[in-house]
Amino acid sequence: MRKGKFIVSILTAAALLMTSALAVSAADAEESYSGFPIVQEEVPVSTDHVIPSADPNFVEMTLDEFQELYPDYEGVFPEDDSGISPLALEDPGYVTAKYDGPFEWVQEGSKWYLYSGTGSSREKVTLGGWYQDGNYWYCLYPSGATKYDGSTATGEMITGWEKIRGYWYYFNEYGQMSTYWKEVSGVYYYFSPSGADAIPGYPEGAMITGEHYLPYTQGSSTYLNYYFSSSGAMQDWHYPLPEELVSGVPSANYEPYYVNSRFAEWRDLDDDDINEDQHNGLDLRAKVPVKVKSATDGIVMVAGDATGMGTVVIVKSNVTAPNGNRLIIRYMHLSEVNVSVNESVTEKKLLGKTGSSGTNAPHFHIDVNAHNITTTAVRADNGQNPAAFFTTVPWVGKNPYGEAYSGYVD
């Protein structure tokens, strides 16, 4: 029987904190998203999967009874809506608020469905919504909804990719919503967790984009800057300088991964004890000509001299930022250029060599921005930390990661 009262599980009260509800609009149904696989994963047969158990502790109570039992539960009774998504206020979208239970998973063919009730009142859950079972969140399609892959839903449990209220989620082969890191088809994604590691502005389980300061692995105390394209794919670019010592060149002149000046670092440029400049990129130790190779595929926009940059190569990469622009990568202070304007380049393509053009202190500068800025100044708050794009680099010198150097996200 469908519910007329407020139904809540004591074990799953956290469901009411979810800030995203299931709604499929015509616009969502028509939208294609080339970054994701079109074919969703199938749920394995029952012999390979432990069927989620029904929650035996469901208690029917009114909102007043719930408030009396959980007087400090701010997720249900916020004083204002500043700390909770308007989507959650509009429609919580929970199965337990629509059906009496108890609930049981049933496999029909290759799909899993949730049934509510017992005996003559037993019925299939067809209205859709979020459902928490144990430590995992599941989501069911409302019957008749057009799914992300274009097919029509019949109330089944979601597996694979799905867009819910403007956010992308990934549900594994058992229908469990992903959080933290997830590898899908060889690409790493990050889905907002709950608690201390929650990503501001994202509901729990939502795929993130842009630059973020994240734990290296789930539960790790080591945090690094990472960058995720508009399709959510974590970026791991080719390091543009030689990755080992160059024969005949002392490390004082070139040392792989050595950072002289990190992103967003305040600098005193004229020795007057006043910080005039916040660095918009990374400066790397390269006092003699060493090869500079393209970090990504892309198109050369500038190849030559530019005011304040010396000899520079500027590449519009093939990586789309969350704002819809392609990321611009600028390689500065070169001694020679080996590409031309409008030339297509691939990752590891030789662009030129390091030098001292446009600077009094020989070094190599690289910066990244998502605002189509080429030869004009890029402020740090309009740029991205280049270190975020080189996820396995063992940096030397100044550590380019840190809370103070993160958060420049479009």
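Residues numbered from 1 in each chain as written. Predicted model: local features only at pLDDT ≥ 70, side-chain atom pairs only at ≥ 80, totals over all residues. Heavy atoms only, no water.

1. As for the confidence of the model for the chain
Counted only if it meets this: The predictor reports its confidence for every residue as pLDDT, a score running from 0 up to 100. We call two residues contacting when some pair of their heavy atoms lies within 4.5 Å.
Here the chain averages 78 in pLDDT, and 73% of its residues register 70 or above. Here residues 1-62 is a poorly scored stretch, pLDDT under 50, and it has 165 contacts once near neighbours within four places are set aside; other chains count. Low confidence marks residues 73-92, where pLDDT is under 50. Its contacts with residues over four positions away, or in another chain, come to 29 contacts.

2. Points about the sheet that holds strand β5 (residues 123-124)
Condition: A pair of strands is labelled paired if DSSP reports no fewer than 2 bridges between them. Per the convention used, a helix needs a DSSP run of H or I reaching at least four residues, while a strand needs a run of E reaching at least two, with both numbered from the N terminus.
Across the sheet, which stays open at both edges, the 3 strands sit in the order β3-β4-β5 with antiparallel pairing between neighbours. For this open sheet the edge positions go to β3 (103-108) and β5, each flanked by a neighbour on one side alone. Sheet analysis places β3 next to strand β4 (residues 111-116), joined by 6 bridges and oriented antiparallel. In the strand pairing of β4, Q107 is matched with W112.

3. Considering unusual backbone geometry
Operational definition: For the exposure calls, accessible area comes from a 1.4 Å probe over protein chains only, and a residue counts as buried if that area is under 20% of its type's maximum, exposed if over 50%, partly exposed in between.
Cis geometry marks the peptide bond from G101 to P102, where omega comes out at 0 degrees. In this fold, P102 is placed in the loop between α3 (86-90) and β3. One non-glycine residue, Y180, lies in the positive phi region at around 60 degrees. Residue placement: Y180 occurs in strand β10 (residues 180-184). On the accessibility criterion, Y180 (12% relative accessible area) is buried. Despite not being glycine, K348 has its phi angle at roughly 80 degrees, a positive value.

4. Here we look at the packing of aromatic side chains
Test applied: By convention, a stacked pair of Phe, Tyr or Trp rings (six-membered ring in the case of Trp) has centres within 6.5 Å and planes under 30 degrees apart, an edge-to-face pair has planes over 60 apart, and any other such pair is tilted.
Considering all chains together, one arrives at 26 aromatic pairs under this definition. Taking 4.9 Å as the distance between ring centres and 70 degrees as the angle between the ring planes, the aromatic pair formed by W161 and Y189 counts as edge-to-face. Of the two residues, W161 is situated in strand β8 (residues 160-164) and Y189 in strand β11 (residues 187-191); the sequence distance between them amounts to 28 residues. Comparing W161 with Y189, the two get one shared label, buried.

5. Let's talk about the pattern of salt bridges
Counted only if it meets this: Each reported salt bridge corresponds to a side-chain nitrogen of Lys or Arg within 4 Å of a carboxyl oxygen of Asp or Glu.
For the structure on display, the rule yields 9 salt bridges. R122 is paired through a salt bridge with E104; the nearest N and O atoms lie 3.0 Å apart. Linking R122 in the loop between β4 and β5 with E104 in strand β3, this pair joins segments that are 18 residues apart in sequence. On the accessibility criterion, R122 (35% relative accessible area) is partly exposed. Take E104: its relative accessible area is 39%, and that puts it in the partly exposed class. Through salt bridges with shared partners, a single network forms among K111, K147 and E156.

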